[in-house]
Amino acid sequence: MSAVLAPIKPAERIWVVGAINGDHGALRAVHLKLAERIAPGDRLIYLGNYWGDGTAQDVIATINELLLFRRFFIAMDGVDIADIAFLRGAAEEMLSKLQQIQFAPNPGEVFDWMLTRGIAGTARAYGFDPAHVQSIMRQGAHAISQWTSQFSDSLRRHPGHTALMSDLKHAAYTTDGRLIFVHAGLDGSRPLTGQTDTFWWGGSMFEAINERYYDCARIIRGASTTQAGLQEREFTLSVDGGAGRGGALMALALDGQGKITEQITSGT
């Protein structure tokens, strides 16, 4: 489990970016502002949901924009590759499962469920009509295997997209134990290494946290299905401005205790 957790060295300024949901315009706007503020010594954590249900052009452009900004940040003197982390969001969890959907006992039902959660935009982004994919999912294992192979080939034809997927972490934490970063949820009764799929689907568990989690000062998440905007509580912080769903993208700078010191939004 430790291999899928990202250890982050403590810093005076840790930037976090909320759920993007394939909103290239919002991400570009935030990056333009962030480029003027981020500096060596800072850390940068993206909290998941890079792929989304936007237009095919926007989804591809969003991933390319992430790759470009990572290159920009890492190229700064004094910045280490470990100073930046990308968490796996629900969108990325579905994308990973989509590439192995032929092994599911009921691929058609699984894909239908994914469609209700925004996988259509990702399918279109790599050249596939969601309605056609829906029909393939009911044609048996051989047809589905052929399709997943084609889909993976299409993903690989976009430089860096597969590499980004393979680099995603389930969660991140500062090595002093003060801050934890998750995509959507956390089971407060389990240690970080004992979480299951709660990181992606356990939003209600996160919202139920009302006491300190081990020695952690604050848990920060990037996606919420129920609480839009900045939601700041004593032990938790939710950073989902609704990007890709008619809202804005949010990026925050946090100090070593999780206190907000700067805020960037795509809309202002």
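Residues numbered from 1 in each chain as written. Predicted model: local features only at pLDDT ≥ 70, side-chain atom pairs only at ≥ 80, totals over all residues. Heavy atoms only, no water.

Chemist: What am I meant to see in the domain arrangement of the protein here?
Modeler: Interfaces are frequently sized by the accessible area removed from exposure as the parts join. As far as domains go, the protein holds domain 1 (12-87 + 217-265) and domain 2 (94-157). For domain 1 versus domain 2, the distance between C-alpha centres works out to 28 Å. Between domain 1 and domain 2, the contact holds seven residues from the first and eight residues from the second. Both sides of the domain 1 and domain 2 interface together cover about 620 Å² of buried area, and 57% of this is carbon and sulfur. Among the residues of domain 1 in contact with domain 2, W51, D53 and I60 are the three that bury the most area, contributing 64% of the side total. Between domain 1 and domain 2 we count one salt bridge in total. Among the salt bridges present, the one from D53 reaches R124, with a minimum N-O distance of 3.3 Å. At the surface where domain 1 touches domain 2, the tally comes to four residue pairs in polar contact (both at pLDDT 80 or more). By residue class, the composition of the side of domain 1 that touches domain 2 is four nonpolar, two polar and one charged. (Domains from an automatic or database assignment. Contact = heavy atoms within 4.5 Å. Buried area = accessible area lost by both parts, 1.4 Å probe. Salt bridge = Lys/Arg side-chain N within 4 Å of Asp/Glu carboxyl O. Polar contact = N/O pair within 3.5 Å; in protein donor to acceptor, adjacent residues only side chain to side chain. Nonpolar A, V, L, I, M, F, W, Y, C, P; charged D, E, K, R; others polar.)

Chemist: Hey, could you run me through the nonpolar core in this one?
Modeler: Inside soluble globular proteins, nonpolar side chains tend to come together where they are buried. Of all hydrophobic cores here, the largest spans 69 residues; its most connected members are L44, Y46, Y50, W51 and F181. Top contributing element to this core by residue count: helix α2 (residues 56-74), with seven residues. Residues contacting W51, with those up to four places away along its chain left out, are N21, G22, V59, I63, A91, E92, L95, T122, Y126, H161, L164 and M165. (Core = buried A, V, L, I, M, F, W, Y, C linked by side-chain atoms within 4.5 Å. Buried < 20%, exposed > 50% of the residue type's maximum accessible area, 1.4 Å probe, protein only. Helix = DSSP H or I, 4+ residues; strand = E, 2+ residues; numbered from the N terminus.)

Chemist: How should the packing of aromatic side chains be read in this particular structure?
Modeler: For any pair of aromatic rings, the description consists of the separation of the ring centres together with the inter-plane angle of the planes. Summed over all chains, the structure comprises ten aromatic pairs. Both rings, one in Y50 and one in F86, keep their centres 6.0 Å apart while their planes meet at 80 degrees; by these two values the pair is edge-to-face. Here Y50, found in the loop between β3 (43-46) and α2, pairs with F86, found in strand β4 (residues 84-86); they are 36 residues apart in sequence, far enough to count as distant. Relative accessible area serves as the criterion here: at 0%, Y50 is assigned to the buried category. Ring centres of F69 and F72 lie 5.2 Å apart, and the angle between their planes is 50 degrees; this geometry places the pair in the tilted category. Taken as a pair, F69 and F72 lie in helix α2 at a separation of three residues, close to a single helical turn. The buried category is assigned to F69, whose relative accessible area is 5%. One aromatic cluster is present, built from ring pairs that chain together Y126, F128, W147 and F151. (Phe/Tyr/Trp six-rings, centres within 6.5 Å; stacked < 30°, edge-to-face > 60°.)

Chemist: Teacher, can you tell me more about the sheet that holds strand β2 (residues 14-17) here?
Modeler: For sheets, the rule is that strands pair by backbone hydrogen bonds, running either parallel or antiparallel. Here we have five strands laid out as an open sheet, ordered β4-β3-β2-β10-β11, and mixed in their pairing. Bordering the open sheet on either side are β4 and β11 (260-265), each of which pairs with just one other strand. Taken pair by pair, the neighbouring strands of this sheet meet at an average axis angle of 15 degrees, ignoring direction. Contacts from α2 reach β3 and β4 within the one sheet, and its direction differs from that of β4 by about 160 degrees. (Pairing = 2+ DSSP bridges. Axes fitted to C-alpha atoms, helices over the stretch in contact; angles between N-to-C directions.)

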